[in-house]
Amino acid sequence: MPQQVTVTEHLLLHQKMVPGATGQFTRLFNEIVLSAKIISRAVNKAGLVDVLGFTGDVNVQGEEVKKLDEYANRILIHRLARSGVLCAMASEENADVIEVPESLPRGDYIIIFDPLDGSSNIDVNVNIGTIFSIFKRKSVPDAALMSSDVLQKGSEQVAAGYVLYGSSTMLVFTCGEGVHGFTLDPSVGEFILSHPNIRIPEQGKIYSVNEGYERYWDRETKKVLAYFKSPKNALRKPYSGRYIGSLVADFHRNLIYGGIFMYPADLRDPKKPEGKLRLTCECNPMAFIVEQAGGMATNGLERIMDVDPEHLHQRIPFFCGSLNDVQIVKDIYEAGSRIKKNR
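It should be emphasised that the depicted structure is a prediction, and the values quoted were computed from it without experimental measurement.

Q: Looking at this structure, I do not really get unusual backbone geometry. What am I missing?
A: A negative phi angle is the norm for most residues apart from glycine, just as the trans form is the norm for most peptide bonds. Positive phi, close to 50°, is recorded for N197, a residue that is not glycine. The class for N197 is exposed, based on a relative accessible area of 52%.

Structure below.
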């Protein structure tokens, strides 16, 4: 029987090789793992207890809050605040940064998370997930927290990952030294290393996008879609269209099989001219993971992790996946940008 390595053992074994992976970092990760187990348990019995449906509240994004969303958010805030290694947190569900109170032990780490991505799918039993991004503060530890401590470029991430709640519960993360996947074994209650050193294929066969919004896209985005549906692309046949509507689920499938996920800017909602996905809690962590797996992430013209966040809930166009596929998107957008400049 092959040796089973838990996520904590993996972190401890690789601690010396991973930048920033101190004992404090491992303690923080243990709280993420415990939170994921608690949320996974709630997700698995969601239809049996009163955690389906809406709370009646609207979050900072202007979206109706699901009961399970609120539950996951409360669990993460409660557990992570008590890790003793954070100075602040930020959640997709909260308008402002959440500073760890002085009554609790503090540290130098900052975590930004989406407690339950894909929550519109909760009531119909489709895969959902938790996304997280970890930074170290740059200001003096005893001084007041600065906005620049939280609004760091994605390239400054110490670690990033996601938990996928599906047919099995998986934790996938990177600390800047490759991407590793762990599957929750319910019989022992531990995340076991199941997917070491994940590498995304350079050339994918899948495109993931909500084509229902095509009429609201710009010319370049329509050209991108036409490329993937054309027999005149790199495959010499149309790509397969696969779209679940949960970022974690679509991203995970493409990470394993190869392909591209796209959520471009559109003109449907004047309040969201740059698309739907948030830079800090969704795009940056996924960009870090996909780059560590050998892929690419861009907003069309710029590397996602080079974008300076302007505010906590900033939205941005997002294209990520296999290297060759995302490069095609960049080429099309850059050509369109040159034409516009020369007019």
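Structure shown, so let's carry the discussion forward.
Q: Is there a simple way to think about the sheet that holds strand β14 (residues 296-298) in this case?
A: Note on sheets: strands pair through backbone hydrogen bonds, and any given pair is parallel or antiparallel. If you walk across this open sheet you meet the five strands as β12-β11-β13-β15-β14, and the pairing is mixed. On the outer flanks of this sheet lie β12 (240-241) and β14, each paired with one strand and no other. With two bridges joining them, strand β11 (residues 206-208) and β12 adopt parallel strand pairing. In the sheet register, I206 faces β12, and the bridge partner there is S240. In this fold helix α8 (residues 323-341) packs onto β13 (260-263), β14 and β15 (318-321), with an angle of close to 25° to the strand it touches most, β14.

Q: Hey, could you run me through the pairing of strand β5 (residues 109-117) in this one?
A: Two faces belong to every sheet, and in a regular strand the side chains alternate between them. Along β5, nine of the nine residues are buried, which leaves the element largely enclosed by surrounding structure. Note: strand β3 (residues 86-91) against β5, five bridges, orientation parallel. Bridge pairing in β5 places A88 opposite I110. The pairing of β5 with strand β6 (residues 128-136) spans seven bridges and is antiparallel. Within β6, the position partnered with Y109 by the bridge is K136.

Q: Honestly, empty space enclosed by the protein in this entry has me stumped. Any pointers?
A: Summary: where empty space remains is shown by rolling a probe the size of a single water molecule over the atoms. For the structure on display, the rule yields four cavities of 30 Å³ or more. Taken as a whole, the largest cavity holds about 60 Å³ of empty space. Lining the largest cavity we find I32, S35, A36, L76, L80, I111, F113, T130, F132, V163 and Y165. For the lining of the largest cavity, the elements supplying multiple residues, two or more each, are α2 (23-44), α3 (67-81), β5, β6 and β7 (159-165).

Q: Any chance you could explain the sheet that holds β5 here in plain terms?
A: Strand order in the open sheet formed by eight strands is β4-β3-β5-β6-β7-β8-β9-β10, and the pairing between neighbours is mixed. Of all strands in the sheet, those bounded by a partner on one side alone are β4 (98-99) and β10 (190-195). Here two bridges tie β3 to β4, and the two strands are oriented antiparallel to one another. Its bridge partner lying in β4, M89 is registered against I98. The sheet strands contacting α2 are β3, β5, β6, β7, β8 (169-174), β9 (179-185) and β10, and the helix crosses β6 at an angle near 165°.

Q: Help me understand the side chain of D250 in this model?
A: Relative to the assigned elements, D250 resides in helix α6 (residues 247-257). At 2.9 Å, the side chain of D250 forms a polar contact with the backbone nitrogen of I244. With sequence-adjacent residues up to four places away left out, D250 is seen in contact with S208, R242, Y243, I244, G245 and F261.

Q: For this particular structure, what's the right way to read the confidence of the model for the protein?
A: Interpretation of the predicted coordinates at a detailed level should be avoided for regions scoring low in pLDDT. For the protein, the mean per-residue pLDDT works out to 88, and 90% of the residues sit at or above 70. Low confidence marks residues 48-57, where pLDDT is under 50. Its contacts with residues over four positions away, or in another chain, come to 26 contacts.

Q: Teacher, can you tell me more about the nonpolar core here?
A: Considering soluble globular proteins, one finds that nonpolar side chains tend to be buried as a cluster. Membership of the largest hydrophobic core comes to 43 residues, with the highest contact counts inside it found for I134 and L171. Looking at which element gives the most residues to this core, the answer is α2, with ten residues. Setting aside residues up to four positions removed in sequence, L171 forms contacts with V7, F29, V33, F132, Y162, V163, H180, G181, F182 and F191. Core analysis: the second largest hydrophobic core is formed by 32 residues, I131, A160, V172 and I304 among them.

Q: Where do I start with the UniProt feature "binding site: Mg(2+) 2" (unreviewed entry) in the protein in this structure?
A: Those places that UniProt annotates as "binding site: Mg(2+) 2" (unreviewed entry) correspond, in this numbering, to D114, D117 and E282. Spanning 169 residues, the annotated positions come together in the fold, the maximum distance between their C-alpha atoms being 8.6 Å. If you trace the backbone, D114 turns up in strand β5. With residues near it in sequence (within four places) discarded, D114 still touches E92, G129, T130, I131, C281 and E282. Here E282 shows up in helix α7 (residues 279-292). By relative accessible area, E282 is classed as buried at 2%. If near-sequence neighbours (up to four positions away) are discounted, E282 is found in contact with D114, D117, I131, L247, K276 and L277. A distance of 2.7 Å separates a polar atom in the side chain of E282 from the backbone nitrogen of R278.

Q: Got a minute to help me understand the pattern of salt bridges in this structure?
A: In total, this model carries twelve salt bridges according to the counting rule given. Residue D266 pairs with R268 through a salt bridge whose shortest N-O separation is 3.3 Å. R303 is the partner of D306 in a salt bridge, and the nearest nitrogen-oxygen pair spans 3.0 Å. Look at D306 and you get partly exposed, because its relative accessible area is 31%. Overlapping salt bridges, with partners in common, bring together E92, R278 and E282 in one network.

Reading guide: rules and limits
- Residues numbered from 1 in each chain as written.
- Predicted model: local features only at pLDDT ≥ 70, side-chain atom pairs only at ≥ 80, totals over all residues.
- Heavy atoms only, no water.
- Buried < 20%, exposed > 50% of the residue type's maximum accessible area, 1.4 Å probe, protein only.
- Pairing = 2+ DSSP bridges.
- Helix = DSSP H or I, 4+ residues; strand = E, 2+ residues; numbered from the N terminus.
- Contact = heavy atoms within 4.5 Å.
- Axes fitted to C-alpha atoms, helices over the stretch in contact; angles between N-to-C directions.
- 1 Å grid on protein atoms, 1.4 Å probe; cavity = no way out; pocket = protein on both sides within 12 Å on 5 of 7 lines; lining within 4 Å.
- Points joined across faces, edges and corners; volume = space filled by probe spheres on them.
- Polar contact = N/O pair within 3.5 Å; in protein donor to acceptor, adjacent residues only side chain to side chain.
- pLDDT = per-residue confidence, 0-100.
- Core = buried A, V, L, I, M, F, W, Y, C linked by side-chain atoms within 4.5 Å.
- UniProt positions renumbered as here; feature names shortened; annotations may be inferred.
- Salt bridge = Lys/Arg side-chain N within 4 Å of Asp/Glu carboxyl O.

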